Amino acid sequence: MRWKSFRRVLRLGGGMTDRLSLYVLGAFNAMLVPLLVIDLGLIVLLMVGRTTGRLPNDWVLGPWVSGTIADWPYYGRTDFCLLALTAAGFALSLLFAATQLLFVRAVARAAFRVASLLRGEIHRQAFRLGPDDLLGGARTQPEQLFTDQCEILTRALIAWWRVFPRSAFALLALMAVAFALNPWLALLSVLLAIAIFWIRTRLKSWSEERVQYWRDRATIHYDRLLDDLHLSPLAASYGLPDTPGGAFADNLKRYHDELLRERTSRAMVRATLMLAILVAATFLTLVIGFNVLSTPPGLTVPAAVVLGVSLICAYFPLSQILRLPRAVQDAERVANEVFTFLDRTPGVGEADQAKPLERLRQSIEFDRVTLADRDGHKLLNEASFTLPAGKRLAIIASDQRTPLALAGLLVRFYDPTSGRICFDGREISRATLDTVRGQAVLVMQRGAIFTGSVHDNIACGEVGFTTLQVTEASQQARAFDIVQNLPDGFTTVIGNHEVRLRPDESLRIALSRALLRNPSLLILEEPPAPPTEAETAELDAAIQRVADGRTLILLPHRLATLRSADKIVLLHEGRVHAMGTHAELIQSSDLYRHINYVRFNPFRHVSVS
């Protein structure tokens, strides 16, 4: 079925009663447009009758007109008639504006309701799936679905409900008025509109080809101009007045000529389309004029005015209808992405008869572990190694995705494609999920804090922790002084749009949250070095404090962290390339020396003049 995913989104837009009220309000607003046009026709009819002394027996007035102005019931004078018709037009205009405002609000409310439902489902699904975006790849991020993609769907829903019912009803009503006045002239107008639309489509196709052709040609000359600029040092070295070859002026002229042709092609489309519209309008005006001037007249002047205004007004709902397919096409693609994400099943679950996981005491074992990202690229390829418990460990790799993806395995955000991960010889996939994440905590830079009070950030919404426990955790993580310097202490609201903290300060708040739960394994994505030596010392002290009595795995960004690690694991192409201390790896591994210089050398950005 065409637009299957978008139709699924439309079905979220409320029940039958809500849709019916939307359609009734839109249809009522649309029907006011032809009534306003007819009212204008009545005013023109009155003016023509006042000039000639008689009113044409035109259908616009229906049974109210029998020939002369004096025969109008209730209105014996033309000034009263004009006043009444003007008042009716003003009342209709007010009613149109009011119903349009109500309709636009109803459409926006319905679209926002659907977007709210989808955002709620995306939020719940993101929590069900866990942050498996640590695997990287080309998968759409939940944040993109939540923001940009839902916004596209909202705009498409608003466009759809404005067209159906309002624009569709308005177009049908206006065309009904036109066909009632003169079916042949109305049919001629439709045929001319179809011809203009066909011309527009053909011109657009031709223009896109020509524009792309001239753009490609301009790019060639632009690249040649850049090449000439790159040769300027050579010309200066040899004292040449111009770059070798002397083709700069010629390439510059050709480049501007191609740009001019590209813009001319675009302008030609607009000019040709405008010419076609003017020719069609002139031809239609000529035909209408002959009908008005013929004897007997095939069309009265008031009817001609109503016909012309109806056709002009029909352009606006027609243009909205013509723009709708593009909006729905984009919405179909986005809706397919959203529902693909919502229809996914969680990547991890508890095994039958899963048992609680005890505190880590001896070692972490990776047994032939394979892990692939969403695109199928292997981040770990049958990797086997053992990490001793109670130590300060660092994980680095030749690519920067693998360490964070590996960290996600330890807290079971996802399971490996194959292989086993064991804590003290026990496979963590056979333990209860809550105890695995109670013993292993991952602290990342992204999402370290959320908008809320400092107390809520540390307690993370759990009411079982007392203020004393929260305070002690902040003291252990060296975050207490940070909190004391905030305007309202632990009740200060922090976040991106509230009181903002530096990355190292956010990390210490996140460390307080982790310490409050007393995990036996803490995985820490280290932030970049703080700006001052004092802040660096505070961060190092906090990391040293949290390492006491537990296993600490660091994803480092600083050379000092590598030097202080008890053991460093270097991964390359999915497997362990080397293990040892910083001093040992500097001596034994070329790859480690290269990574150390490229990523961790504090003077790597300093240029030598």
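Residues numbered from 1 in each chain as written. Predicted model: local features only at pLDDT ≥ 70, side-chain atom pairs only at ≥ 80, totals over all residues. Heavy atoms only, no water.

A. Up close: the confidence of the model for the chain. Averaged over all residues, the pLDDT of the chain equals 84, while 88% of them reach at least 70. Here helix H6 (residues 232-237) stands out as the element of the chain with the lowest mean pLDDT, 62, in contrast to strand S11 (residues 567-572), whose mean of 96 is the highest. (pLDDT = per-residue confidence, 0-100. Helix = DSSP H or I, 4+ residues; strand = E, 2+ residues; numbered from the N terminus.)

B. Here's a closer look at the pattern of salt bridges. Counted according to the given criterion, the structure contains 23 salt bridges. Measuring nitrogen to oxygen at the nearest pair gives 3.7 Å for the salt bridge that ties Glu337 to Arg333. Residue Glu337 and its partner Arg333 are located together in helix H8 (residues 301-342), separated by 4 residues, close to a single helical turn. According to the relative accessible area criterion, Arg333 is partly exposed, its value standing at 43%. Ionic contacts of the salt-bridge type, sharing partners, join the residues Arg478, Arg502, Asp504, Glu505, Arg508 and Glu538 into one network. (Salt bridge = Lys/Arg side-chain N within 4 Å of Asp/Glu carboxyl O. Buried < 20%, exposed > 50% of the residue type's maximum accessible area, 1.4 Å probe, protein only.)

C. Quick look at the nonpolar core. Of all hydrophobic cores here, the largest spans 38 residues; its most connected members are Ile364, Phe366, Leu410, Phe423, Leu521 and Ile553. For Phe423, the contacting residues outside a window of four places in its chain are Leu357, Leu360, Ser363, Ile364, Leu410, Ile428, Ala440 and Leu521. Counting 33 residues, the second-largest nonpolar core is a separate cluster that includes Ala106, Val107, Ala156 and Trp160. (Core = buried A, V, L, I, M, F, W, Y, C linked by side-chain atoms within 4.5 Å. Contact = heavy atoms within 4.5 Å.)

D. Here's a closer look at unusual backbone geometry. Positive phi, normally seen in glycine, also occurs at Arg368, with a value near 50 degrees. Position of Arg368 among the secondary structure elements: in strand S1 (residues 363-372).

E. Local environment of the sheet that holds strand S4 (residues 418-423). Across the sheet, which stays open at both edges, the 4 strands sit in the order S2-S1-S4-S5 with antiparallel pairing between neighbours. This sheet does not close on itself; its edge strands, each paired only once, are strand S2 (378-388) and strand S5 (426-427). Across the sheet, helix H9 (residues 402-410) is in contact with S1, S2 and S4; its angle to S1 comes to roughly 115 degrees. (Pairing = 2+ DSSP bridges. Axes fitted to C-alpha atoms, helices over the stretch in contact; angles between N-to-C directions.)

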